[in-house]
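In case you want the letters, here they are:
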Amino acid sequence: MLKSQIGSLLRTSKYRREYIQSVLGVSANTLSNWSVGKTYPTMDKAYKLADLLEVDIGELYKREKAPPN
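Residues numbered from 1 in each chain as written. Predicted model: local features only at pLDDT ≥ 70, side-chain atom pairs only at ≥ 80, totals over all residues. Heavy atoms only, no water.

A. Examining the packing of helix 2 (residues 17–24) against helix 3 (residues 28–36) more closely. The interhelical angle for the contact between helix 2 and helix 3, taken along N-to-C directions, is 105 degrees, at an axis separation of 10 Å. The orientation of helix 2 relative to helix 3 falls into the category roughly perpendicular. Contacts between helix 2 and helix 3 pair Arg17, Ile20, Gln21 and Leu24 from the former with Ala28, Leu31, Ser32, Trp34 and Ser35 from the latter. Residue classes in the contact of helix 2 with helix 3 are distributed as five nonpolar, three polar and one charged. (Axes fitted to C-alpha atoms, helices over the stretch in contact; angles between N-to-C directions. Helix = DSSP H or I, 4+ residues; strand = E, 2+ residues; numbered from the N terminus. Parallel < 35°, antiparallel > 145°, perpendicular 65-115°, else oblique. Contact = heavy atoms within 4.5 Å. Nonpolar A, V, L, I, M, F, W, Y, C, P; charged D, E, K, R; others polar.)

Now the structure itself:
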């Protein structure tokens with residue numbers, strides 16, 4: 001199970017959300033959904049986002065163990 005780290009990375013970013021949305025060509029709603037893990041960016045957008053946030057792409061998400069069934 002993946003937990004999005006995008007929200008916390010956006011809060012510490014030197015860029016405003018509006019700028020990131022413009023560069024990536026996504027809506028505020030889309031960026032918000034990525035932030036909370038409701039949806040996921042495509043790979044090309046994830047790489048661009050990681051570059052903007054100055055992190056490795058692997059830092060956008062944290063792996064969590066799934067609860068036992």
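Back to the text.
B. Just unusual backbone geometry, in detail. Of note in this structure, glutamate 54 is not a glycine but carries a positive phi near 55 degrees. Mapped onto the fold, glutamate 54 is located in the loop between helix 4 (43–53) and strand 2 (61–63).

C. Structural detail: the side chain of serine 13. By secondary structure assignment, the location of serine 13 is in the loop between helix 1 (6–11) and helix 2. For serine 13, a relative accessible area of 18% gives the class buried. Within the structure, the side chain of serine 13 is placed 3.0 Å from the backbone nitrogen of tyrosine 15, a separation counted as a polar contact. (Buried < 20%, exposed > 50% of the residue type's maximum accessible area, 1.4 Å probe, protein only. Polar contact = N/O pair within 3.5 Å; in protein donor to acceptor, adjacent residues only side chain to side chain.)

D. Structural detail: the packing of helix 2 against helix 4. Two elements in contact, helix 2 and helix 4, have axes separated by 10 Å at closest approach and are oriented at 140 degrees. Helix-helix and strand crossings are classified by hand; for helix 2 and helix 4 the assignment is right-handed. Seen from helix 2, the contacting residues are Tyr19, Ile20, Val23 and Leu24; seen from helix 4, they are Lys45, Lys48, Leu49, Leu52 and Leu53. Here the contact of helix 2 with helix 4 is built from residues that sort into seven nonpolar, no polar and two charged. (Left-handed = near helix turned anticlockwise from the far one by under 90°.)

E. Representation of the side chain of serine 35 within the structure. Residue position: serine 35 is located in helix 3. With a relative accessible area of 11%, serine 35 lands in the buried category. Residues within four places of serine 35 in sequence aside, it is in contact with Ser4, Ile6, Gly7, Leu10 and Arg17.

F. Representation of the pattern of salt bridges within the structure. Within the structure shown, the criterion is met by two salt bridges. The closest approach of N and O atoms between glutamate 54 and lysine 14, which form a salt bridge, is 3.0 Å. Residue glutamate 54 is found in the loop between helix 4 and strand 2, and its partner lysine 14 is found in the loop between helix 1 and helix 2; the two are separated by 40 residues along the sequence. Under the relative-accessibility criterion, lysine 14 is labelled exposed at 60%. Across the pair glutamate 18 and arginine 16 runs a salt bridge whose closest N-O atoms are separated by 3.5 Å. Of the residues examined, arginine 16 reaches a relative accessible area of 62% and is grouped as exposed. (Salt bridge = Lys/Arg side-chain N within 4 Å of Asp/Glu carboxyl O.)

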